[in-house]
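Each chain, written out:
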Amino acid sequence: MRIKQIGLIVLMLSVFNGTLFSQDAQIINVSNRSTVSLNGYWRYIVDPYQTGFYDYRQIQRDTQTRPSTAESLFLGYKAQFPGDRVEYDFDKADNLLVPRDWNSQKENLFYYEGAIWYYKAFNYVPTSDNMRQFLYFGAVNYEAHVYLNGEKLGMHQGGFTPFNFEITGKLKPNDNFVILMVDNTRKPEAVPTINTDWWNYGGITRDVKIVEVAETFIQDYFVQLAPDNSELIQISVRLNGDEIAGQTVSIDIPEAKIKVNVVTDENGLATTQVRARKLNLWHPENPYLYDVNIVHNDNVLHDRIGFRTIKTRGSDILVNGKSVFLRGICIHEENGVRGGRAYSEEDARMLLGWAKELGCNFVRLAHYPHNENMVRIADEMGIMVWSEVPVYWTIHWENENTFNNARNQLVQMITRDKNRASVIIWSMANETPVSESRTAFLKRMIETTRSMDQVRLISAALERHTKPGTDNIQVIEDPLQEFVDVISFNQYIGWYAGLPERCATAVFEINYDKPVIISEFGGGALQGHHGSKDQMWTEEFQEHLYDETLKMLEKIPQLRGITPWILADFRSPRRTLSDIQDGWNRKGVISQTGNRKKAFYVLREYYLTKKEQFK
Ligand code: GCU
């Protein structure tokens, strides 16, 4: 077997990494599979003391052989006789919409952090016989314990990545019920940890579906151009089921006149490489997506995939071999107009549409994996994406469970989005304090990422500071720069560090021949609040800060991108200044309702020049 083939198999084996927690193997591209939606109204019971989960001795009820029917909410038990004591009743409970966070649906849940039980009853008619069924969640924030018809399926931690459980043979034609205990309590050892600068929206925040697949089905695949060869498509497929060995799977890309068969090995894995000449390469100016069909036993799994190469050369970032400037903006997954977590296609089109109006070809999805609609619509709209795991500020670097949790979220993010042309950068972390254990932690995250994906670039949002003994020499003293492909850092000169005038004398000392992205800068302004450019919180102050900052950054020779903080004002419990913040971080260049601030136009102007410069 040729060396290249062996290399490819090693690469592909690692792409399909097993997950660490108790959900089943991750099924990708659920939106193109046969599914039954469980979205809609779910009953809910608020349980701040987790009485339905722990007994009065704090014993976890679902580990008990005979959990109390009176209090174990996961049983969905109904009184059987007059004297049958049951202290909950989902049928009498109020409703919450799914997908949605609970905070923006009920006033009395606006600040609620804790456990809520969700209940959904449903009948189920399989679309055809001999199918397997999986219960799929797009995301649940933060910890979910999932039960079907009173039986525990498993649990999941991490509020921003998908998970699924096999439920084949567990469904009845009628009167099925799914129950979840969802707990968004913040914990120091969690990921993210106890403090963040965003709203801790709780709930079943993305789609819930029953996914129907064949007994042996295409669980996962990777179809992308080789890292630096725009004429070579690397393909790997993984089957899941009883008959996975020696199976023929065909990959069909009609418009590219590519049709190739592969045969799976004993693990149900098949890999190959295909020459592809004259591909219509995906690029922000030409977001071309090919129809790709992956076929096994007449079961066709369709996807739309763009082909592009992304790499660095010195301080250049090359898309299809051509140097680009990343005209970006940071985005939180929030729809400020409706309120609450964003989740839908419409939400994604609104947020990415605003970014397009700004002149962006790049977005940093902060600080956690956003819903799949965001990256699929970014594919369509030609917007490159930075995707990040919520390793944010000071998490427990020496806690192995914390590491496994972070790694699990990383693996799920990459597994879900590795076929998206728009995703060009995986980010390991944001503003994490330099220490040996922290750097070791992040290096392991980088190794996991490299083992899964050699196609994309790796970065993390680092921090700068003034070089000791100097007035305004800015340095990034962080060993992680050695291990990332792109050096990115957040800088708030003119906001958290002095006033905008300080930008004029700042000098950045960056001793790496790598591309530099400013992953955050900015300042707050209340939209419609006007005054002099020296007056804090006015649009004029923010406008002035942007003016000064952009001039300052232009002095960095390796500068190849910026993602100012942030597209739109967003909710944060840390922002309490009355009449200005009122629970909103006001650093948006647009208000939460979509009204542009003066800084919006400064940035748009700058992006017009950058587009010209890098055309
Ligand atoms: C930080 C952080 C953001 C935060 C921002 C701010 O850099 O990464 O999450 O919202 O600064 O202070 O507004």
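Details of the structure are given in the entry above.
Here's what I pulled together on the structure shown here. (Residues numbered from 1 in each chain as written. Predicted model: local features only at pLDDT ≥ 70, side-chain atom pairs only at ≥ 80, totals over all residues. Heavy atoms only, no water.)

### Quick look at the overall build of the chain
Next, step 1: In terms of helices and strands, the chain carries 7 helices and 34 strands.
Next, step 2: With the C-alpha coordinates of the chain rotated into their principal frame, the extents come out at 80 × 65 × 40 Å.
Next, step 3: Counting contacts in the chain only where the partners sit at least 6 residues apart, residues at least 24 apart contribute 72% of the total.
Next, step 4: Taken as a whole, the chain presents about 23,300 Å² of accessible surface, with 49% of it coming from carbon and sulfur. (Helix = DSSP H or I, 4+ residues; strand = E, 2+ residues; numbered from the N terminus. Contact = heavy atoms within 4.5 Å. Areas by Shrake-Rupley, 256 points an atom, 1.4 Å probe, with all protein chains shown as cover.)

### Focus: the nonpolar core
Next, step 1: If you look at the biggest cluster of nonpolar residues, it comprises 75 residues, and the most contacted ones within it are Ile329, Val391, Met428 and Ile562.
Next, step 2: Among the nonpolar cores identified, the runner-up in size contains 29 residues, and Tyr118, Leu148, Phe163 and Phe165 belong to it. (Core = buried A, V, L, I, M, F, W, Y, C linked by side-chain atoms within 4.5 Å. Buried < 20%, exposed > 50% of the residue type's maximum accessible area, 1.4 Å probe, protein only.)

### Focus on the pattern of salt bridges
Next, step 1: Under the counting rule described, the total for this entry stands at 42 salt bridges.
Next, step 2: Arg349 is the partner of Glu345 in a salt bridge, and the nearest nitrogen-oxygen pair spans 3.2 Å. Taken together, the residues span about one helical turn, with Glu345 and Arg349 both in helix H2 (residues 345-357) at a distance of 4 residues.
Next, step 3: Between Lys533 and Asp534 there is a salt bridge, with its nearest N and O atoms 3.5 Å apart.
Next, step 4: On the accessibility criterion, Asp534 (53% relative accessible area) is exposed. (Salt bridge = Lys/Arg side-chain N within 4 Å of Asp/Glu carboxyl O.)

### As for empty space enclosed by the protein
Next, step 1: Within this structure, the stated rule accounts for 4 cavities of 30 Å³ or more.
Next, step 2: If you trace the largest cavity, you find 16 residues lining it, with Asn141, Tyr142, Arg186, Pro192 and Asn200 closest to the centre.
Next, step 3: In this model, the second largest cavity occupies a volume close to 80 Å³.
Next, step 4: If you trace the second largest cavity, you find 14 residues lining it, with His332, Glu334, Leu351, Ala568 and Asp569 closest to the centre.
Next, step 5: Listing elements by their share of the lining of the second largest cavity, those giving two or more residues are strand E22 (330-332) and H2.
Next, step 6: When its residues are assigned to classes, the lining of the second largest cavity shows 9 nonpolar, 3 polar and 2 charged. (1 Å grid on protein atoms, 1.4 Å probe; cavity = no way out; pocket = protein on both sides within 12 Å on 5 of 7 lines; lining within 4 Å. Points joined across faces, edges and corners; volume = space filled by probe spheres on them. Nonpolar A, V, L, I, M, F, W, Y, C, P; charged D, E, K, R; others polar.)

### What to know about the layout of surface pockets
Next, step 1: By volume, the largest pocket amounts to about 550 Å³.
Next, step 2: Around the largest pocket, the lining is made up of 27 residues, and of these Ser31, Glu345, Glu372, Asn373 and Arg376 lie nearest the centre.
Next, step 3: Contributions of two or more residues to the lining of the largest pocket are made by strand E17 (299-305), H2 and helix H3 (372-381).
Next, step 4: Top contributing element to the lining of the largest pocket by residue count: H3, with 6 residues.
Next, step 5: Grouping the constituent residues of the lining of the largest pocket by class yields 7 nonpolar, 6 polar and 14 charged.
Next, step 6: A volume near 260 Å³ is recorded for the second largest pocket.
Next, step 7: Residue lining of the second largest pocket: 21 residues in total, with Glu431, Asn490, Tyr492, Tyr496 and Glu520 positioned closest to the centre.
Next, step 8: Taken together, the residues that form the lining of the second largest pocket break down as 7 nonpolar, 6 polar and 8 charged.

### Here's the deal with the side chain of Arg206
Next, step 1: Note that Arg206 resides in the loop between strand E9 (176-183) and strand E10 (208-214).
Next, step 2: A polar side-chain atom of Arg206 sits 3.1 Å from a polar atom in the side chain of Glu333.
Next, step 3: At 2.8 Å, the side chain of Arg206 forms a polar contact with the backbone oxygen of Pro369.
Next, step 4: Once you skip the residues sitting within four places of it in the chain, Arg206 turns out to touch Val98, Pro99, Gly138, Ala139, Phe160, Thr161, Glu333, Pro369, His370, Asn371 and Arg416. (Polar contact = N/O pair within 3.5 Å; in protein donor to acceptor, adjacent residues only side chain to side chain.)

### Things to note about the sheet that holds strand E32 (residues 559-562)
Next, step 1: Pairing is parallel in the open sheet, where 9 strands are placed in the order E21-E32-E31-E29-E26-E25-E24-E23-E22. Two strands bound the open sheet, and with one partner strand each, they are strand E21 (326-327) and E22.
Next, step 2: Bridge analysis of strand E26 (residues 457-463) against strand E29 (residues 487-490) gives 3 bridges, and the strand direction is parallel. Bridge pairing in E29 links Glu463 to Asn490.
Next, step 3: Relative to the sheet, helix H7 (residues 598-613) contacts E21 and E32, its axis offset from that of E32 by approximately 145 degrees. (Pairing = 2+ DSSP bridges. Axes fitted to C-alpha atoms, helices over the stretch in contact; angles between N-to-C directions.)

### Describing the site of the ligand
Next, step 1: Taken together, 14 residues surround the ligand, and among them Asp197, Tyr392, Glu431, Tyr496 and Glu520 come closest.
Next, step 2: Here an oxygen atom of the ligand and a side-chain polar atom of Tyr392 are 2.6 Å apart.
Next, step 3: Contact between the ligand and Glu431: an oxygen atom at 2.4 Å from a side-chain N or O atom of the residue.
Next, step 4: For the ligand, whose accessible area on its own is 320 Å², the fraction buried by protein is 97%.
Next, step 5: With respect to the pocket detection grid, the ligand is positioned in the second largest pocket.
Next, step 6: The residue inventory of the shell around the ligand, partitioned by class, reads 5 nonpolar, 4 polar and 5 charged. (Near = heavy atom within 4 Å. Sits in = over half its atoms within 2 Å of the grid points.)

### Structural notes on the side chain of Gln224
Next, step 1: Tracing the backbone shows Gln224 in strand E11 (residues 217-226).
Next, step 2: Relative accessible area serves as the criterion here: at 1%, Gln224 is assigned to the buried category.
Next, step 3: At 3.4 Å, the side chain of Gln224 forms a polar contact with the backbone oxygen of Asn419.
Next, step 4: A distance of 3.2 Å separates a polar atom in the side chain of Gln224 from a polar atom in the side chain of Arg456.

### Thoughts on the pairing of E32
Side-chain direction in a regular strand flips from residue to residue, so the side chains alternate between the two faces of the sheet.
Next, step 1: Summarising the sheet, E21 and E32 pair through 2 bridges and their orientation is parallel. Each residue of the ladder has a partner; that of Arg327, found in E32, is Ile562.
Next, step 2: Here 3 bridges tie strand E31 (residues 516-520) to E32, and the two strands are oriented parallel to one another. Of the residues in E32, the one forming a bridge with Ile518 is Ile562.

### Digging into the sheet that holds strand E20 (residues 322-323)
Next, step 1: Spatial ordering of the open sheet is given by E18-E19-E20, a layout of 3 strands whose pairing is antiparallel. In the strand order of this sheet, the two ends are held by strand E18 (310-313) and E20, each with one partner.
Next, step 2: As paired strands, E18 and strand E19 (residues 316-319) are joined by 4 bridges and run antiparallel to one another. The residue bridging Arg313 from the neighbouring strand is Asp316, located in E19.

### Observations concerning H3
Next, step 1: For H3, a buried count of 8 out of 10 residues is recorded, marking the element as mostly surrounded by other parts of the structure.
Next, step 2: For H3, the full list of buried residues reads Glu372, Met374, Val375, Arg376, Ile377, Ala378, Asp379 and Met381.
Next, step 3: Count one or two residues on from H3 and you reach Gly382, which has phi positive near 75 degrees.

### With respect to the packing of aromatic side chains
Next, step 1: Counting across every chain of the model gives 33 aromatic pairs.
Next, step 2: Ring geometry for Phe74 and Tyr147: centres 4.8 Å apart, planes at 15 degrees, overall stacked. Pair noted here: Phe74 is in the loop between strand E2 (40-46) and strand E3 (94-98) and Tyr147 is in strand E6 (residues 143-148), with a separation of 73 residues, a long-range link. Tyr147 carries the same exposure label as Phe74, and that label is buried.
Next, step 3: For the pair Trp397 and Phe441, a centre-to-centre distance of 5.1 Å together with 85 degrees between the ring planes defines the contact as edge-to-face. In this pair, Trp397 is assigned in the loop between strand E24 (384-388) and helix H4 (400-417) and Phe441 in helix H5 (residues 436-452), connecting sequence segments 44 residues apart. Like Trp397, the residue Phe441 is buried in the burial classification.
Next, step 4: Taken together through their ring pairs, the aromatic side chains of Phe160, Trp198, Tyr368, Tyr392 and Trp393 make up a single cluster. (Phe/Tyr/Trp six-rings, centres within 6.5 Å; stacked < 30°, edge-to-face > 60°.)

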